Amino acid sequence: MTQMRAAVQDEVRKGGWERHRTKVAHMIPMWGSVGGGENTASLVAANQSRASFEVHVILIRMSPDMPAHVLARLQEADLALYEIWGPERMERYPYNTVALFRYMLRVGSVLQSIGPDVVVHQGFGLPLVEALACRLAVPRARIVAVSRGQARRKRLSLGRKLVRKSVARLADAFVAVSQSAAQSLACDLLVPTAKIQVVYNGWDFEALRARSSPRKAQSFVVLTAARLTDHKDHRTLIEAIRLLAEMGHEDIQLLLAGDGPMRKELEARSSGLILAGRVLFLGNRTDVPELLSKADAFVLCTHREGLPGALAEAMACGLPVVATAIGPVMELVEHRKTGLLVPPQNPQAVADALAWIKENPAAAQQMGTRAREAVLRFDYRSTVRDLESLLFRLVRV
């Protein structure tokens, strides 16, 4: 990768790329909440080299709401911005063929007006309908699919296998944001390994500062920031807080930043006598750095990830972290050195880990310091450089 980047830079110095900037169109699905995928995708698009790339961004609206800070970042950048609506009545996907056909026409119309050299689909997998729209609208363009998560592991019907193999043929390259995501692309989405390139997620850590000493307060504040969905497993965390309260930790408090379809169920679980007043639902927040500064520990009980941004930001703040021992998390956290890893769906293990952090503040502070030092290498500038190198390689083939 270093040799490739050097070759690209040499071409730029010689003037080989000055006459024609590579025209790239980023397609970013927007699901309405403050999602980590949308945040990282917009950060990459906004910071691509304008000397080498003409950047276009197509926002695919899956919800009436849009993350304000993501939209503001893109509007302030030197790029062309487009908005289109995603397919209607998604609950019937993939059977609502009329809505999907209309959506393909919308995607194709915008892509034809841009005429990109490369289309980069920034999501959790490239849907067949979008792969077809790209290939039919701009047949000469290279298609890159960025996979920001792990696919659900389940037995595939013959139809699903055919769909996944078709997508794998239509795209020229697949970008995985972690080694675990790369394994999922190959094993679960049936993508040939030769088409897979790992480009680690990166974040902007400049606004995040670590405390010099443990926070002194009357309560012990545990924070999590994640969409309230089943695979984020807030149930386990809420149960862990209940166990801590029963163990005598009366000063424990849980802050849940994020919103989603599980909210009503989780609120009901938190309404019992022991948990009353201990669990606060904050909804979608744009002030996560401020929340991190008020917390004593960060927890992520997820079952499935690409490379979790909320966890990385907590580590960058020097917070002691507790997270499930799944592949993507283990690429960020080293057990007992930069955080505490626990088995999935194990409330007692989460409770024990938080109790250790609470009872050993000095050791937990040192662990948080090591976590900050380790995670700072996941800087968004490295992500941009590595993606640019891949795009240059594709257009030169």
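Residues numbered from 1 in each chain as written. Predicted model: local features only at pLDDT ≥ 70, side-chain atom pairs only at ≥ 80, totals over all residues. Heavy atoms only, no water.

Q: With reference to specific residues and values, describe the overall build of the protein chain.
A: A tally of helices and strands in the protein chain yields 15 helices and 13 strands. Counting only residues that meet the buried cut, the protein chain has 53% of its 397 residues in that class. Accessible surface, the protein chain: about 18,200 Å² in total, of which carbon and sulfur atoms supply 51%. (Helix = DSSP H or I, 4+ residues; strand = E, 2+ residues; numbered from the N terminus. Buried < 20%, exposed > 50% of the residue type's maximum accessible area, 1.4 Å probe, protein only. Areas by Shrake-Rupley, 256 points an atom, 1.4 Å probe, with all protein chains shown as cover.)

Q: With reference to specific residues and values, describe the sheet that holds strand 13 (residues 340-342).
A: Taken together, six strands build an open sheet; the order of strands is 10-9-8-11-12-13 and the sheet is parallel. Strand pairing shows two members of the sheet lacking a second neighbour, strand 10 (279-283) and strand 13, which therefore form its edges. In this sheet, adjacent strand axes meet at a mean angle of 20° when their direction is disregarded. With two bridges joining them, strand 8 (residues 220-225) and strand 11 (residues 297-300) adopt parallel strand pairing. The residue bridging Leu-223 from the neighbouring strand is Phe-298, located in strand 11. Across the sheet, helix 8 (residues 234-246) is in contact with strand 8, strand 9 (252-257) and strand 11; its angle to strand 9 comes to roughly 165°. (Pairing = 2+ DSSP bridges. Axes fitted to C-alpha atoms, helices over the stretch in contact; angles between N-to-C directions. Contact = heavy atoms within 4.5 Å.)

Q: Could you give an account of helix 8, naming the residues involved and the relevant values?
A: With 13 residues, helix 8 should cover 18 Å at 1.5 Å per step; its first-to-last C-alpha distance of 19 Å lies within 8% of that length. Taken as a whole, helix 8 has its buried residues at His-234, Thr-236, Leu-237, Ile-238, Ala-240, Ile-241, Leu-243, Leu-244 and Ala-245. Contacts made by the buried residues of helix 8 are with strand 8, strand 9, helix 9 (263-269), strand 11 and helix 13 (347-359). Once helix 8 ends, the next one or two residues include Gly-248, with phi positive near 105°. (Expected span 1.5 Å × (residues − 1).)

Q: Before we move on, could you go through the pairing of strand 11 and cite the residues and values that matter?
A: Residue alternation in strand 11 divides its side chains into two sets, Ala-297 and Val-299 and Phe-298 and Leu-300, and both sets are buried. Where strand 11 and strand 12 (residues 321-324) come together, three bridges link them in parallel fashion. Among the inter-strand pairings, Leu-300 is bridged to a residue of strand 12, identified as Ala-323. Once you follow strand 11 into helix 11 (residues 309-316) and on to strand 12, the crossover reads as right-handed. (Right-handed = clockwise from strand over helix to strand, strands pointing away.)

Q: Any chance you could break down the packing of aromatic side chains for me, citing the residues and the numbers?
A: For the structure shown, the criterion picks out four aromatic pairs. Geometrically, the ring pair formed by Trp-203 and Phe-205 is tilted, given 6.2 Å between the ring centres and 45° between the ring planes. Among the residues examined, Trp-203 registers a relative accessible area of 3% and is labelled buried. One aromatic cluster is present, formed by Tyr-200, Trp-203, Phe-205 and Phe-378 through successive ring pairs. (Phe/Tyr/Trp six-rings, centres within 6.5 Å; stacked < 30°, edge-to-face > 60°.)

Q: Tell me about the sheet that holds strand 4 (residues 118-123), and name the residues and values.
A: Strand order in the open sheet formed by seven strands is 3-2-1-4-5-6-7, with parallel pairing between adjacent strands. Either end of the sheet is taken by a strand with one partner, and the two such strands are strand 3 (80-85) and strand 7 (196-198). With direction set aside, neighbouring strand axes in the sheet form an average angle of 20°. Where strand 4 and strand 5 (residues 142-147) come together, six bridges link them in parallel fashion. Across the sheet, the residue bridging to Gln-122 is Val-146, located in strand 5. Strands in contact with helix 2 (residues 36-46) are strand 1 (22-30), strand 2 (53-61) and strand 4; relative to strand 1, the strand with the most contacts, it is inclined by about 165°.

Q: I'd love a proper account of the packing of helix 2 against helix 3 (residues 68-76), names of residues and values included.
A: At their nearest, the axes of helix 2 and helix 3 sit 9 Å apart, and the two run at 10° to each other. By the criterion of interaxial angle, the relationship of helix 2 to helix 3 is roughly parallel. Contact residues: helix 2 offers Glu-38, Asn-39, Ser-42, Leu-43, Ala-45 and Ala-46, while helix 3 offers His-69, Val-70, Arg-73 and Leu-74. (Parallel < 35°, antiparallel > 145°, perpendicular 65-115°, else oblique.)

Q: Explain the nonpolar core residue by residue, including any values.
A: Counting residues in each nonpolar core, the largest one holds 100 residues, and the members touching the most others are Leu-111, Val-144, Leu-292, Phe-298, Leu-311 and Leu-332. It is helix 15 (residues 380-396) that contributes the most residues to this core, seven residues altogether. Among residues more than four places away in sequence, those in contact with Leu-111 are Ala-25, Ile-58, Pro-116, Val-119, Ala-133, Cys-134, Ala-137 and Val-138. If you look at the next biggest cluster of nonpolar residues, it comprises 32 residues, including Ala-240, Ile-241, Met-262 and Leu-275. (Core = buried A, V, L, I, M, F, W, Y, C linked by side-chain atoms within 4.5 Å.)

Q: Tell me about the environment of Ala-316, residues and numbers included.
A: Position of Ala-316 relative to the elements: it lies in helix 11. Counting along the chain gives 113 residues from Ala-316 to Trp-203, while the straight-line C-alpha distance between them is 9.9 Å. Beyond its immediate stretch of four places on either side in the chain, Ala-316 contacts Phe-205, Leu-208, Ala-210, Arg-372 and Val-375.

Q: Any chance you could break down the pairing of strand 5 for me, citing the residues and the numbers?
A: Among the six residues in strand 5, five count as buried, and that is most of the element. The pairing of strand 5 with strand 6 (residues 173-176) spans four bridges and is classified as parallel. In the sheet register, Ala-145 faces strand 6, and the bridge partner there is Phe-174.

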